[in-house]
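The lines below spell out each chain.
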Amino acid sequence: MELILKNIEQYKVAIEHEPLGDAGEVEQFRIKYLGTKGLIKSLMGEMKNVPADQKKTFGQVMNEFKTFVENKYEGAKSAITSEEKIGLNEDYTLPGREFPTGAHHPLTIIRNQVVFIFQRLGFTIANGPEIEDDWHNFGSMNMPENHPARDMQDTFYLSKGNENEQSFLLRTHTSSVQARVMESQKPPIRIICPGRVFRNETISARAHCFFHQVEGLYISEQVSFADLKQTLYFFVREMFGKDIKIRFRPSYFPFTEPSAEMDISCLICGGDGCNICKHTGWVEILGSGMVHPRVLENFQIDPNKYSGFAFGMGLERICQLKYRVNDLRLYSQNDLRFLKQFSGVV
Ligand code: PHE
């Protein structure tokens with residue numbers, strides 16, 4: 001018993017000199033003194049050899065010793081963790097730690113780029129509802145009920161309570177926003193309408209039941225097809241670079257006359273032919289045309305005094321060309337592996 005007590009004093013001195021500079025040393029300390037095969041356990045085991053009348057004192061001394069060791073261990077451990085927290089034991093020549101930041105959705109990035117280009121030309125942003133009535137989406141756009149052109153845009157109709165009620169639908173294009181602006185503003189009108197649109201399509205890599213458009217409208221006196229071309233040329237060069245080739249193809253839209261679709265040289269293969277451009281070297285990026293006089297009349301805008309052009313493009317298509325996203329479903333799956341690739345892009 002005497003011997004053990006003397007030893008404990010020596011152990012204390014030794015403990016004071018134990019190295020406790022890092023997490024590894026602190027752990028070694030714990031194993032050596034407090035572990036299941038450690039010193040405290042083996043000293044406690046001596047209890048059975050201590051004469052009965054001294055057991056109490058022995059127990060007290062051992063408890064006091066154990067507390068001493070535990071305090072030493074806890075103190076060292078918390079010093080290490082707080083040092084780690086404030087980075088005292090780090091190498092300051094290492095590059096800083098990365099911390100996660102959010103990213104814009106690729107369609108947001110493209111929308112902002114498109115909008116910014118047109119804003120520089122004096123276009124302002126107009127917004128409208130996603131649930132539309134028939135008139136703003138179709139009727140006013142020269143697509144009366146039963147007009148075959150409605151088949152171009154498979155539509156989600158909202159069910160009517162009874163036959164006499166007005167019919168509502170999910171807008172199939174943001175031309176409906178243009179309708180609302182023509183209804184409430186006098187020319188000159190110079191707007192772009194970014195937004196989500198809906199079509200009743202089966203979801204696949206190439207089609208989706210919703211997608212995003214930016215449509216534009218310019219109405220003033222003496223607006224000509226040349227203005228339309230120059231505006232869109234400017235847009236394409238700003239968006240895709242000076243070397244891009246552009247061509248217009250005659251087309252048909254009920255709300256424009258004449259109408260044209262615009263193709264650009266394929267960005268993926270540089271015009272040599274690939275499966276994105278269906279081996280033609282060209283990809284279609286937008287529809288456009290001079291606003292049909294009947295559309296102007298629908299909004300009490302005199303077609304003899306005013307003329308205008310309109311255009312509309314799908315953002316997914318532009319995004320596909322710029323970032324080579326080949327599956328439309330990726331945009332709405334919220335897969336972080338996809339979205340993270342756009343982190344830092346503005
Ligand atoms: N609204 C047409 C569409 O969604 C695009 C378009 C807009 C075409 C303006 C011509 C003029 O398909």
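Here the residue numbers are simple positions, counted from 1 along each chain's written sequence. Reporting of local features is limited, given that this is a predicted model, to residues whose pLDDT is at least 70; pairs of side-chain atoms are given and counted only at 80 or more, and all residues count toward the totals for whole chains, interfaces and linings. With hydrogens and water excluded, all non-hydrogen atoms of the structure serve as input to the side-chain values.

**A short note on the overall build of the chain**
Consideration 1: Working definition: helices are DSSP H or I runs of at least four residues, strands are E runs of at least two. Numbering for both runs from the N terminus. Scanning the chain from terminus to terminus reveals 11 helices and 10 strands.
Consideration 2: C-alpha extents for the chain along the principal axes are approximately 120 × 55 × 40 Å.
Consideration 3: Any residue under 20% of the maximum accessible area for its type is buried, any over 50% is exposed, and the rest in between are partly exposed; the area is computed with a 1.4 Å probe on protein chains only. Going through the 346 residues of the chain one by one, you find that 42% of them count as buried.
Consideration 4: In this description, contact between two residues means that some pair of their heavy atoms is separated by no more than 4.5 Å. Taking the contacts inside the chain whose residues are at least 6 apart along the sequence as the reference set, 67% of them involve residues at least 24 apart.

**Overview of the packing of helix H5 (residues 106-120) against helix H8 (residues 225-240)**
Consideration 1: Interhelical geometry of H5 versus H8 gives an angle of 135 degrees and a closest axis separation of 10 Å. By the angle between their axes, H5 is oblique relative to H8. As H5 packs across H8, the resulting crossing turns out to be right-handed. Across the interface between the two elements, Ile110, Gln113, Val114, Ile117, Phe118 and Arg120 of H5 pack against Thr231, Leu232, Phe234, Phe235, Glu238 and Met239 of H8.
Consideration 2: Residues were grouped as follows: Ala, Val, Leu, Ile, Met, Phe, Trp, Tyr, Cys and Pro as nonpolar; Asp, Glu, Lys and Arg as charged; and all remaining residues, including Gly, as polar. Broken down by class, the residue content of the contact of H5 with H8 amounts to 8 nonpolar, 2 polar and 2 charged. Geometry is summarised by axes, namely lines fitted to C-alpha atoms with helices restricted to the contacting stretch, and by angles between N-to-C directions that run from 0 to 180 degrees. Each angle receives one of four descriptions, namely roughly parallel if under 35 degrees, roughly antiparallel if over 145, roughly perpendicular if within 65 to 115, and oblique otherwise. In this scheme the handedness of a crossing depends on how the near helix is turned from the far one: anticlockwise by less than a right angle means left-handed, clockwise means right-handed.

**Brief notes about the site of the ligand**
Consideration 1: Close to the ligand lie 14 residues, the nearest being His173, Ser175, Arg199, Gln213 and Glu215.
Consideration 2: Between the ligand and the protein, one listed contact pairs a nitrogen atom with a side-chain N or O atom of His173 at 3.0 Å.
Consideration 3: We call two N or O atoms a polar contact when they sit within 3.5 Å, provided that within protein one can donate a hydrogen and the other can accept it, with sequence-adjacent residues counted only if both atoms are side-chain atoms. The contact in question runs from a nitrogen atom of the ligand to an N or O atom on the side chain of Glu215, over 2.7 Å.
Consideration 4: Protein contact buries 91% of the 330 Å² of open area that the ligand shows by itself.
Consideration 5: Looking at the shell around the ligand, the elements that each hand over two or more residues are strand S6 (210-221), strand S9 (282-291) and strand S10 (306-314). Residues are classed as near a molecule or strand on a simple rule: at least one heavy atom within 4 Å of it. Methods summary: accessible areas were calculated by the Shrake-Rupley approach with a probe of 1.4 Å, and residue burial reflects only the protein chains presented.

**Here we look at the sheet that holds S9**
Consideration 1: Here the rule is simple: two strands pair whenever DSSP picks up at least two bridges between them. Strand order in the open sheet formed by 7 strands is S1-S5-S6-S10-S9-S8-S7, and the pairing between neighbours is mixed. The open sheet has two edge strands with one neighbour each: strand S1 (124-125) and strand S7 (246-253).
Consideration 2: Two strands pair when backbone bridges link them, and S6 and S10 are joined in this way by 9 bridges, in the antiparallel orientation. The residue of S10 that forms the bridge with Ile219 is Gly308.

**A word on the packing of aromatic side chains**
Consideration 1: Aromatic pairs are defined between Phe, Tyr and Trp rings, using the six-membered ring for Trp, whenever the two ring centres lie within 6.5 Å; interplanar angles under 30 degrees are classed as stacked, those over 60 as edge-to-face, and all others as tilted. Within this structure, the stated rule accounts for 17 aromatic pairs.
Consideration 2: An angle of 75 degrees between the planes, with centres 6.2 Å apart, marks the rings of Tyr331 and Phe338 as edge-to-face.
Consideration 3: According to the relative accessible area criterion, Tyr331 is buried, its value standing at 8%.
Consideration 4: When the centroid spacing of 5.3 Å and the interplanar angle of 70 degrees are considered together, the rings of Phe338 and Phe342 count as edge-to-face. The pair Phe338 / Phe342 is uniform in exposure class, with both members buried.
Consideration 5: An aromatic cluster of at least three residues, connected via ring pairs, comprises Phe118, Phe123, Tyr218, Phe235, Phe309 and Phe311.
Consideration 6: Here the basic side chain of Arg196 rests over the ring of Phe210, its NZ or CZ set 4.3 Å away from the ring centre. When the NZ atom of lysine or the CZ atom of arginine is within 6 Å of a ring's centre and also within 35 degrees of its normal, the charge is said to sit over that ring.

**Regarding a nonpolar patch on the surface**
Consideration 1: The patches reported here contain residues having more than 30% relative accessible area and no salt bridge. Joining distances are 9 Å for like charges and 5 Å for nonpolar side chains (Val, Leu, Ile, Met, Phe, Trp, Tyr). Salt bridges, as used here, are contacts in which a Lys or Arg side-chain nitrogen is within 4 Å of a carboxyl oxygen on Asp or Glu. Among the surface-exposed residues, Ile131, Leu158 and Phe168 lie close enough to one another that they form a single nonpolar patch of about 240 Å² accessible area.
Consideration 2: Position of Phe168 among the secondary structure elements: in strand S4 (residues 168-170).
Consideration 3: In this structure Phe168 comes out as partly exposed when scored by relative accessible area, which is 35%.

**Here's the deal with the pattern of salt bridges**
Consideration 1: Going through the model one piece at a time under the given rule, you end up with 15 salt bridges.
Consideration 2: For Glu16, the salt bridge is made with Lys72, and the minimal N-O distance between the two is 3.1 Å. With a gap of 56 residues between them, Glu16 in helix H1 (residues 2-16) and Lys72 in helix H4 (residues 55-86) connect regions that are remote in the sequence.
Consideration 3: Residue Lys72 is classed as partly exposed on the basis of its relative accessible area of 24%.
Consideration 4: When salt bridges with common partners are traced through the structure, they connect Arg247, Arg249, Glu261 and Asp263 into a single cluster.

**Some thoughts on H1**
Counting along an α-helix, one turn takes 3.6 residues, and residues three or four places apart therefore face a common direction.
Consideration 1: With 15 residues, H1 extends 22 Å from end C-alpha to end C-alpha; this agrees with the ideal 21 Å at 1.5 Å per step.
Consideration 2: Along H1, the residues classified as buried are Ile4, Ile8, Lys12 and Ile15. Along the long axis of H1, the arc covered by the buried residues comes to 95 degrees, so they all point the same way. Within H1, the exposed residues directed more than 90 degrees away from the buried face are Glu2, Leu3 and Lys6. By definition here, a helix of n residues has an expected span of 1.5 Å times n minus one. It is the directions from the helix axis to the C-beta atoms whose arc is reported.

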